[in-house]
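The lines below spell out each chain.
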Amino acid sequence: MIFVGDGALLRRAVAHAAAQGHPVDLVCSEDPQDAAGARHLHVPAPDDINAHADALAHACTDGAVWSLNNRRIFRAPLLSRGLRILNIHNGLLPRHRGLPSVAVLFALLNGEHEYGATLHEVDAGIDTGRVLAECRFPIAPDARHFQVMLRGVRACQALFEETLPAVAAGAALPPPPAPAGPSAYYGTRALARLADHRSHPAYAAATDLGPFAAHAPELAAVIGTAVPAD
């Protein structure tokens, strides 16, 4: 299997797969340390992973590609190489498509009561592939952005470890629950609406990035300019 992504979530997934005896054929990331000793392909984020379609197809021994903490978009020709590409998404699909940091922001502003992680197949859209499994958790009334985000990261790791054996064996997963509400997409363009929420009672909690600020520069920059009204 092949892994595509960056950071601690990717490293933990690679290490867990190797410890369970699964073949780690290739790790595509910016930092070679993410590969944990496996073969590494340098693909700076968010560089074009699709330019390496032939290399991925040649390296993969079981047809499975895992995407974790990955901002690279899978397109042609990679999608036509016969690989099963699976993404672990920080958020419940289809309600929280797009950037998890932005989705968490609006989940808190919208007063949503649950969040989580989703395993889905990758297709030509963005977070639109068939949902295979979920890990849901409630959003506490006093939850802050970084708390929901970090709990989402832990849910992603748990979901990967829970579903890895079935995916590796080619076995069916249990049917997922009903879709988590209507489809919505949260990209950087959604941040243009943030100033409209400055007087929202949940604004302070929704924009409290805490230690996650360094990992969401686009969001941190906008929050820095959208100062709550007096």
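A quick note: this is a predicted structure, and the numbers were derived from the prediction, not measured.

(A) Molecular detail of the side chain of Asp-34. As for its position among the elements, Asp-34 is in the loop between strand 2 (26–29) and strand 3 (40–42). On the basis of relative accessibility, which here comes to 1%, the residue Asp-34 falls in the buried class. Residues contacting Asp-34, with those up to four places away along its chain left out, are Gly-5, Asp-6, Gly-7, Leu-10, Arg-11, Val-14, Val-27 and Ser-29.

(B) Main features of the packing of helix 1 (residues 7–19) against helix 4 (residues 145–169). Closest axis-to-axis distance for the helix 1/helix 4 pair is 10 Å, and the angle between their directions is 20°. Accordingly, the angle class assigned to the pair helix 1 and helix 4 is roughly parallel. Considering how the two elements wind past one another, helix 1 and helix 4 form a crossing that is right-handed. Mapping the contact onto sequence places Leu-9, Arg-12, Ala-13, His-16 and Ala-17 in helix 1 and Val-153, Cys-156, Gln-157, Phe-160, Glu-161 and Leu-164 in helix 4. Across the contact of helix 1 with helix 4, the residue classes break down as 7 nonpolar, 2 polar and 2 charged.

(C) Geometry of the pairing of strand 7 (residues 114–121). With 6 of 8 residues buried, strand 7 lies mostly within the body of the structure. The sheet contact formed by strand 5 (residues 84–90) and strand 7 spans 5 bridges and is antiparallel. Paired with Leu-86 across the two strands is Glu-121, which belongs to strand 7. Looking at chain direction, strand 7 and strand 8 (residues 131–138) are connected through 7 bridges and run antiparallel. When the bridges of strand 8 are listed, Leu-119 appears paired with Ala-133.

(D) Fine view of the packing of aromatic side chains. The full count for this structure, using the stated rule, is 4 aromatic pairs. Measuring from ring centre to ring centre gives 5.6 Å for Phe-106 and Tyr-186, while their planes differ by 20°; the resulting arrangement is stacked. With Phe-106 in helix 3 (residues 100–109) and Tyr-186 in strand 9 (residues 185–186), this residue pair connects regions lying 80 residues apart in the sequence. The residues Phe-106 and Tyr-186 share a single accessibility class, namely buried. Of the aromatic side chains, those joined through ring pairs into one cluster are Phe-3, Trp-66 and Phe-160.

(E) A look at the pattern of salt bridges. Going through the model one piece at a time under the given rule, you end up with 10 salt bridges. We note a salt bridge from Arg-95 to Glu-112, for which the minimum N-O separation is 3.8 Å. Remark: Glu-112 occurs in the loop between helix 3 and strand 7 and Arg-95 occurs in the loop between strand 5 and strand 6 (97–98); sequence separation between them is 17 residues. The class of Arg-95 is partly exposed, set by a relative accessible area of 27%. Of the charged contacts, one joins Arg-136 and Glu-114 as a salt bridge, the two residues approaching to 2.9 Å between their closest N and O atoms. Taken together, the positions of Arg-136 in strand 8 and Glu-114 in strand 7 put the pair 22 residues apart, joining distant regions of the chain. Within the structure, one salt-bridge network assembled from shared partners comprises Arg-84, Glu-121 and Arg-130.

Calculation rules
- Residues numbered from 1 in each chain as written.
- Predicted model: local features only at pLDDT ≥ 70, side-chain atom pairs only at ≥ 80, totals over all residues.
- Heavy atoms only, no water.
- Helix = DSSP H or I, 4+ residues; strand = E, 2+ residues; numbered from the N terminus.
- Buried < 20%, exposed > 50% of the residue type's maximum accessible area, 1.4 Å probe, protein only.
- Contact = heavy atoms within 4.5 Å.
- Axes fitted to C-alpha atoms, helices over the stretch in contact; angles between N-to-C directions.
- Parallel < 35°, antiparallel > 145°, perpendicular 65-115°, else oblique.
- Left-handed = near helix turned anticlockwise from the far one by under 90°.
- Nonpolar A, V, L, I, M, F, W, Y, C, P; charged D, E, K, R; others polar.
- Pairing = 2+ DSSP bridges.
- Phe/Tyr/Trp six-rings, centres within 6.5 Å; stacked < 30°, edge-to-face > 60°.
- Salt bridge = Lys/Arg side-chain N within 4 Å of Asp/Glu carboxyl O.

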